Amino acid sequence: MKKLVLQLHVEMEVPDDWELIEHSGVQVLKIGDRFVDFDIAPLATTSMEPDATWSDEDQQLTEEILDTVTELDAEMEISYIQ
């Protein structure tokens, strides 16, 4: 068995009315009356073409990949652009 370490760093420019809040002990993004958390969603394709369509429609493959996750941590921070 091998270990794969995947690091994602995402920066988004979001409207001022989006805010970070605690929801059930987890930090989430509040957008209007919705609460948003981020997770990984593996996307797959069977095509080698540069314009291939990638999706998570293969639920069996998606579940197989997600079953291998042993640790997941997401941190969010909002700062104002000057």
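Residues numbered from 1 in each chain as written. Predicted model: local features only at pLDDT ≥ 70, side-chain atom pairs only at ≥ 80, totals over all residues. Heavy atoms only, no water.

(A) Just the overall build of the protein, in detail. Each helix and strand in the protein was counted, giving 1 helix and 3 strands. Along its sequence from the N terminus, the protein presents helices and strands in the succession β-β-β-α. Taking 82 residues into account, the globule formula puts the C-alpha radius of gyration at 12 Å, and the protein, at 16 Å, lies well above it. With the C-alpha coordinates of the protein rotated into their principal frame, the extents come out at 40 × 30 × 25 Å. (Helix = DSSP H or I, 4+ residues; strand = E, 2+ residues; numbered from the N terminus. Rg over C-alpha atoms; globule rule 2.2 N^0.38 Å.)

(B) How the structure looks around the side chain of threonine 62. When you line up the elements, threonine 62 lands in helix H1 (residues 59-66). Residues in contact with threonine 62, not counting those within four places in the same chain, are Pro42 and Asp56. (Contact = heavy atoms within 4.5 Å.)

(C) Inspection of the sheet that holds strand E1 (residues 19-23) at higher detail. One open sheet accounts for 3 strands, arranged E1-E2-E3; its pairing is antiparallel. Of all strands in the sheet, those with a lone pairing partner are E1 and strand E3 (34-36), marking the two edges. Along the sheet, successive strands turn relative to each other by an average axial angle of 45°, direction set aside. Looking at chain direction, E1 and strand E2 (residues 26-31) are connected through 5 bridges and run antiparallel. Bridged to isoleucine 21 within E2 is valine 28. (Pairing = 2+ DSSP bridges. Axes fitted to C-alpha atoms, helices over the stretch in contact; angles between N-to-C directions.)

(D) Up close: the pairing of E2. Pairing of E2 with E3, which is carried by 3 bridges, proceeds in the antiparallel orientation. Each bridged residue has a counterpart across the sheet, and for leucine 29 the counterpart in E3 is valine 36. Hairpin connection of E2 to E3: 2 residues between the antiparallel strands, including glycine 32 at a positive phi of 65°.

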